[in-house]
Amino acid sequence: MAEFWYYVIMVVGILIATFSQLILKKAAMRHYKSWIYEYLNVLTIIGYGMMFLSTVCSLIAHKVVPVSMAPVEFL
């Protein structure tokens, strides 16, 4: 039963990665007046923060979940 929660953490991490990609795409579609604003805006910072959180979820889940059972997240 304890292994179940590691699989849940993996699925949550995948969902977080999906939403972060959507947020980063939305930020990339905007036009900015300078290149520095492309990286220092709210959507980009939130998107990269969510990607970091997704990576942490993946690291926690891989303590129990074998790599062969994990989906490919970052293509």
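Residues numbered from 1 in each chain as written. Predicted model: local features only at pLDDT ≥ 70, side-chain atom pairs only at ≥ 80, totals over all residues. Heavy atoms only, no water.

A. Fine view of the overall build of the protein chain. Within the protein chain one finds three helices and zero strands. Compactness check: the protein chain gives a C-alpha radius of gyration of 15 Å against a globular reference of 11 Å for 75 residues, more than 25% above the reference. Principal-axis analysis of the C-alpha atoms places the extent of the protein chain at approximately 50 × 20 × 15 Å. The buried share of the protein chain, taken over its 75 residues, is 24%. Contacts in the protein chain between residues at least 24 apart in sequence constitute 67% of all its contacts with a sequence separation of at least 6. Here the protein chain displays about 5,800 Å² of accessible surface, and carbon together with sulfur accounts for 73% of that area. (Helix = DSSP H or I, 4+ residues; strand = E, 2+ residues; numbered from the N terminus. Rg over C-alpha atoms; globule rule 2.2 N^0.38 Å. Buried < 20%, exposed > 50% of the residue type's maximum accessible area, 1.4 Å probe, protein only. Contact = heavy atoms within 4.5 Å. Areas by Shrake-Rupley, 256 points an atom, 1.4 Å probe, with all protein chains shown as cover.)

B. Summary view of the environment of leucine 59. Summarising the element assignment, leucine 59 is placed in helix H3 (residues 42-61). Considering only alpha carbons, one finds leucine 59 and methionine 10, 49 residues apart in sequence, at a separation of 8.8 Å.

C. A look at the confidence of the model for the protein chain. In the predicted model, the protein chain carries a mean pLDDT of 90, and 95% of its residues have values of at least 70. Least confident of the elements in the protein chain is helix H2 (residues 35-39), whose mean pLDDT is 89; most confident is H3, at 95. (pLDDT = per-residue confidence, 0-100.)

D. Expanded view of helix H1 (residues 2-28). The first and last C-alpha atoms of H1 sit 40 Å apart over 27 residues, in line with the 39 Å expected at 1.5 Å per residue. Of all the positions in H1, only Met10, Gly13, Ile16, Ala17, Ser20, Leu24 and Ala27 are classed as buried. Elements in contact with the buried residues of H1: H3. (Expected span 1.5 Å × (residues − 1).)

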